[in-house]
Structures are given as structure tokens and as C-alpha cells.
Amino acid sequence: MTFDLLVRGGTLPDGTTADIGITGETIAAIAPNLPTDAGRIVDASGNLVSPPFVDPHFHMDATLSYGIPRINASGTLLEGIALWGELKPLLTHEAVRDRALAYCDWAVSMGLLAIRSHVDVCDDRLLAVEALLEVKKLVAPYIDLQLVAFPQDGFYRSPTARANTLRALDMGVDVVGGIPHFERTMDDGKRSVTELCEIAASRGLLVDMHCDETDDPLSRHIEQLVYETERLGLQGRVNGSHLTSMHSMDNYYVSKLLPLMAEADVSAIPNPLINIVIQGRHDTYPKRRGQTRVPEMLKAGIRVGFGQDCVLDPWYPLGTADMLDVAFMGLHVAQMTSPADMKTCFDMVTETSAAIMHLDHYGLAVGKRASLVVLDAGNPIEAIRLRPERLCVIARGKVVAERKRQETALSLAGRPGSVNRRHKTPQ
Ligand code: FE2
């Protein structure tokens, strides 16, 4: 037997058609017409075969808690944070773990196999940290779960956040987070960026901060984040999440900022679904969109990934673990409708986000981990348009989810038939 598993005849994201031969947990071969004496064959002919979806920004400690103890009436970020503060004392280890595991099942069904989740460290019990560390272990056979120590109530503003951040990192949380725009003053925010980057540098960790998640054009903590990245030699290891204030910043200032971000290789993760509903809430009309300057950052050579941020929690009443929903919204808000731009949006929920998370084993290439998704679409652009069925999800060489192709039967006068909305879209 040549391979344990053979994915036959799929169309890869670059448009080529190939078989993928898998041995154990590893991609052993990618080529047309591979030998078919495999342990199992998955027929992917006519369908897109992609590396798994990646969500580089999520809150797994809050997910699926919508309505507990109440819903966010104003829809604002600040009411969401206050509501999360009401929910926190009610959390139990079991509840956080079970909701997170339920969400991970959704993720697997959607081909979402890598998630960077922030975890709030402002509860002195660090109960959510313990629960998500347990979840990380439980889902490790199929999901890469990377955790970020996130001082939701402010690294300085919350009296025990600093000590708790260090405790969480000692417990095994992977990445250093922050929330400089939520500190009491701009100066506190700036100092928090410095200290958190120093912690990351001293421990050899990555940085991913909620940064400037506000409509205030003068919220410029990204500037300090870039400065500290250069000063501490953290190039390629630091990410600014949200960066919504950049939507409203002065154009001249942004023309100076973007080259500095590129020079320091600081990446960006906007969260389109959340940014479009949470920002601009204080505006009348015209209302700002609040999404950061995605095309401009890409043009400047900055790596940009799209994140989901929330599913059914104090900040967002919807969500399905489908990163194609995220790409679809991000594409619209950023007006990235050329074929090349749409393909870039697909990369932003797959390859680019994997690179931002430093997932070295990721990708459709020989020697990489055999995790992939077969979609009922012909190419990445059609995948974004249809957000179609994940026909087969493979994690570490094992089929972990399967679904039949959906077709709607029609009973139109004189024209019986069926429809599934696929259409040849130019790449
Ligand atoms: Fe977030």
C-alpha cells in the first residue's frame, strides 16, 4: 500500500489539479495520477482542496455564552466588556471547557483547524486559563489552539492583571496580549505596550495585542507597538489586532505609520464581522465602518490576516465558526473585489494567518502536516461567494468530518431539476 489516505483529483488553491498522498500524519506526495493502492481514497475531483481554515483572533472563554446573564443592549464594545464582567464571576471551569469544546466541534465541521484564542486573565482564579489549557490538550489531535494572555480589564487598570498575566504565562499560555486603549490614560497604554513587549522578549514569546480598538483617531498605540518591536528585536513576532482607529486616522500620519509597520514586520488582524458592528456606534450619518486600512496595509507589504473574534458572546449575537463568512465580510468592507484581491482574502483566512501564528507545519506541501479541507467549490473565489459545504475535513491524516454535497430539488412548471449555485468563476 503506497499511502494511508489518498485525496484524489482536487483543485488546489493555485488552480492546479493534483492528488495528495498521505502517510501517517504527513503529506507524502502531491502530483497528478498518484498510485491508487491507498488505505482509503477521498474523491475530490471538481472540488477545491485547501489547507485548513485558520482563525488568528478569537475569544474561546466567552464563546457560546450569548444571553448569559443578559444580552448587550447597546451593541457597543464597552457594554460588551461590562457584560463580560457580570458573567465572569458566574463562570465555572466545566462551563468554560464544555462551551469551548462544543465550539471546537463546530470549528472542525467547518474545516477550521487552527485558532488563536485570547483568554482573559483578569479573574484572579484564572479559571478560564485552566479550562482552555485543558481544552488545548483535548483538541490537540485535530485543532492547533494557541492561547494569548489577555488582560481584558487593563494591564494597569485592573489591579491584579500584571501578576495574573505572568501567572498565566507560567502556566503555559503561549502569547502575550494587551489592551492599551482600555488603560486609564494614553500614557498608561503606552507604558503597557512597552512592559508587555519586554515580557515577551524576555520569555521568547510572540505578542498579539488588542490595539486601538476604538474610533478615536488619536489612539496611536500601534506606533509604540512598532517601536518596541524594533527596539527589542521582535520583528516578525508581533501582531496588532483590530487597529480600528486607523480607519479614522489622519491620512498623513498613516502614510508615515504603514512603512514603519512594514519595516518592523508587525502584522495586523482586523476582525471584519465585529469591527463592522461594534465601531461607529457613536456616529450619526455618515457612519464610519471601523475596519482598519486593509488594502493599504497589504500594498505597504504588511501581513494581514482576518480573524473572527466572537461567536455568540457578550459582543456578538451571531457567528458559525465559518472563516469564509469572515472573508466575505472583510472583502466587502475593504472593497477588495478584483479577482486577485478576492484570492488574497481567501489567503487571509488560511495561509497568511497560519504564518502570523508561526504554524510551521501548515500548508499543502510535501512534508507538511496532512490537514486539509475539501470544499464544494471550484476555487477560492467561489468558496468565498458560496461559503459551501465542507465535504471532507482531514486532520493529521485522519478524516474527522464528512458531509454530503447539498442540492436543492426544484419543482418548476415543466422544468424539474436541481440547483446547487456553483458557477465557473474566473481565478
Ligand atoms: Fe478580540
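What you see is a predicted model; the values in this text were computed from it and never measured.

Re the overall build of the protein
A tally of regular secondary structure across the protein gives 13 helices and 17 strands. Taking 427 residues into account, the globule formula puts the C-alpha radius of gyration at 22 Å, and the protein, at 22 Å, falls close to it. Its C-alpha atoms give the protein principal-axis dimensions of about 65 × 45 × 45 Å. Taken across its 427 residues, the protein has 57% of its residues classed as buried. For the protein, the share of sequence-separated contacts (at least 6 apart) that also reach a separation of at least 24 residues comes to 76%. Here the protein has roughly 16,900 Å² of accessible surface; of this, 54% comes from carbon and sulfur atoms.

Side note on the side chain of Q224
If you trace the backbone, Q224 turns up in helix α6 (residues 221-231). Judged by relative accessible area, Q224 falls into the buried class, the value being 12%.

Structural notes on the pattern of salt bridges
Pairs can form between side chains of opposite charge whenever their charged atoms are close. Tallying each qualifying case throughout the model produces 27 salt bridges. With its nearest N and O atoms 2.6 Å apart, the salt bridge here joins R40 to E402. Linking R40 in strand β4 (residues 40-43) with E402 in strand β15 (residues 398-402), this pair joins segments that are 362 residues apart in sequence. A residue is classified by how much of its surface remains accessible, and R40, at 36% relative accessible area, is partly exposed. E134 serves as the salt-bridge partner of R97, at 3.5 Å between the closest nitrogen and oxygen. Here the residue R97 occupies a position in helix α2 (residues 93-109), and E134 occupies one in helix α3 (residues 127-139), the gap between them amounting to 37 residues. Via salt bridges that share partners, D376, E382, R385, R405 and R422 belong to a single interconnected network.

Some words on the pairing of strand β10 (residues 206-211)
Burial analysis of β10 places 6 of its 6 residues in the buried class, which makes it a mostly covered element. The pairing of strand β9 (residues 175-176) with β10 spans 2 bridges and is parallel. Bridge assignment links V175 to a residue of β10, and that residue is L206. The parallel pair β9 and β10 is bridged by helix α5 (residues 186-203), and the resulting crossover is right-handed. Across 5 bridges, the pairing between β10 and strand β11 (residues 238-242) is parallel. Among the inter-strand pairings, M209 is bridged to a residue of β11, identified as G240.

So, the nonpolar core
The biggest cluster of nonpolar side chains holds 102 residues, and the ones touching the most others in it are M60, I222 and M261. Counting the residues that make up this core, at least three belong to each of domain 1 (3-51 + 363-410) and domain 2 (53-356). Counting residues in each nonpolar core, the second largest holds 17 residues, with I20, V42, A370 and I394 among its members.

A look at the domain arrangement of the protein
Per the domain assignment, the segments making up the protein are domain 1 (3-51 + 363-410) and domain 2 (53-356). Each of domain 1 and domain 2 has a C-alpha centre, and the two are 30 Å apart. For the domain 1 and domain 2 pair, buried surface summed over both sides reaches about 1,700 Å², with 71% attributable to carbon and sulfur atoms. The largest per-residue losses of area from domain 1 upon contact with domain 2 belong to I384, R387 and R390, which jointly make up 36% of the total buried on that side. The tally of links from domain 1 across to domain 2 stands at 3 salt bridges. Run the count over domain 1 and domain 2 and you get 4 residue pairs in polar contact (both at pLDDT 80 or more). The leading source of residues in the side of domain 1 that touches domain 2 is helix α13 (residues 380-386), at 5 residues. Of the residues in the side of domain 1 that touches domain 2, the class split is 15 nonpolar, 2 polar and 5 charged.

Regarding the packing of α5 against α6
α6 packs onto α5 with a crossing angle of 30 degrees between their chain directions and a minimal axis gap of 9 Å. Here α5 is positioned roughly parallel relative to α6, judged by the angle of their axes. In this structure, α5 meets α6 at a crossing whose hand is right-handed. Of the residues in α6, those touching α5 at M186, G189, K190, V193, T194, C197 and E198 are H221, Q224, L225, E228 and R231.

Focus on the coordination of the iron ion
Donor atoms from the polypeptide that bind the iron ion are H57 (NE2), H59 (NE2), H210 (NE2) and D309 (OD), placed at 2.1 to 2.4 Å. For the iron ion, the 4 donor atoms are set out with angles of 86 to 178 degrees between them, so the coordination reads as irregular. All donors of the iron ion belong to a single chain; written as a sequence motif, their spacing is H-x1-H-x150-H-x98-D. You can see H59 sitting in the loop between β6 (53-58) and α1 (77-87) and its partner H210 sitting in strand β10, a full 151 residues away along the chain. Each member of the pair, H59 as well as H210, carries the same accessibility label: buried.

Notes on the environment of C197
With respect to the secondary-structure elements, C197 resides in helix α5. Taking the C-alpha atoms as reference points, C197 and F346, separated by 149 residues in sequence, lie 30 Å from one another. Ignoring sequence-local partners within four residues, the contact set of C197 consists of M209, L225, E228, L232 and L234.

Some points on the sheet that holds strand β8 (residues 144-150)
Read across the open sheet, the 7 strands follow the order β6-β7-β8-β9-β10-β11-β12; overall the sheet is parallel. The open sheet has two edge strands, β6 and β12 (267-269), and neither has a second partner. Strand contacts of α3: β7 (112-120) and β8, with the helix running at about 165 degrees to β8, the strand carrying the most contacts. The strands that helix α10 (residues 323-334) touches are β6 and β7; relative to β6, the one it contacts most, it runs at about 75 degrees.

About the thresholds
- Residues numbered from 1 in each chain as written.
- Predicted model: local features only at pLDDT ≥ 70, side-chain atom pairs only at ≥ 80, totals over all residues.
- Heavy atoms only, no water.
- Helix = DSSP H or I, 4+ residues; strand = E, 2+ residues; numbered from the N terminus.
- Rg over C-alpha atoms; globule rule 2.2 N^0.38 Å.
- Buried < 20%, exposed > 50% of the residue type's maximum accessible area, 1.4 Å probe, protein only.
- Contact = heavy atoms within 4.5 Å.
- Areas by Shrake-Rupley, 256 points an atom, 1.4 Å probe, with all protein chains shown as cover.
- Salt bridge = Lys/Arg side-chain N within 4 Å of Asp/Glu carboxyl O.
- Pairing = 2+ DSSP bridges.
- Right-handed = clockwise from strand over helix to strand, strands pointing away.
- Core = buried A, V, L, I, M, F, W, Y, C linked by side-chain atoms within 4.5 Å.
- Domains from an automatic or database assignment.
- Buried area = accessible area lost by both parts, 1.4 Å probe.
- Polar contact = N/O pair within 3.5 Å; in protein donor to acceptor, adjacent residues only side chain to side chain.
- Nonpolar A, V, L, I, M, F, W, Y, C, P; charged D, E, K, R; others polar.
- Axes fitted to C-alpha atoms, helices over the stretch in contact; angles between N-to-C directions.
- Parallel < 35°, antiparallel > 145°, perpendicular 65-115°, else oblique.
- Left-handed = near helix turned anticlockwise from the far one by under 90°.
- Donors = N, O, S within 2.8 Å, 3.2 Å for Na, K, Ca; no water.
- Tetrahedral: all angles 85-135°; square planar, octahedral: opposite > 155°, others 65-115°.

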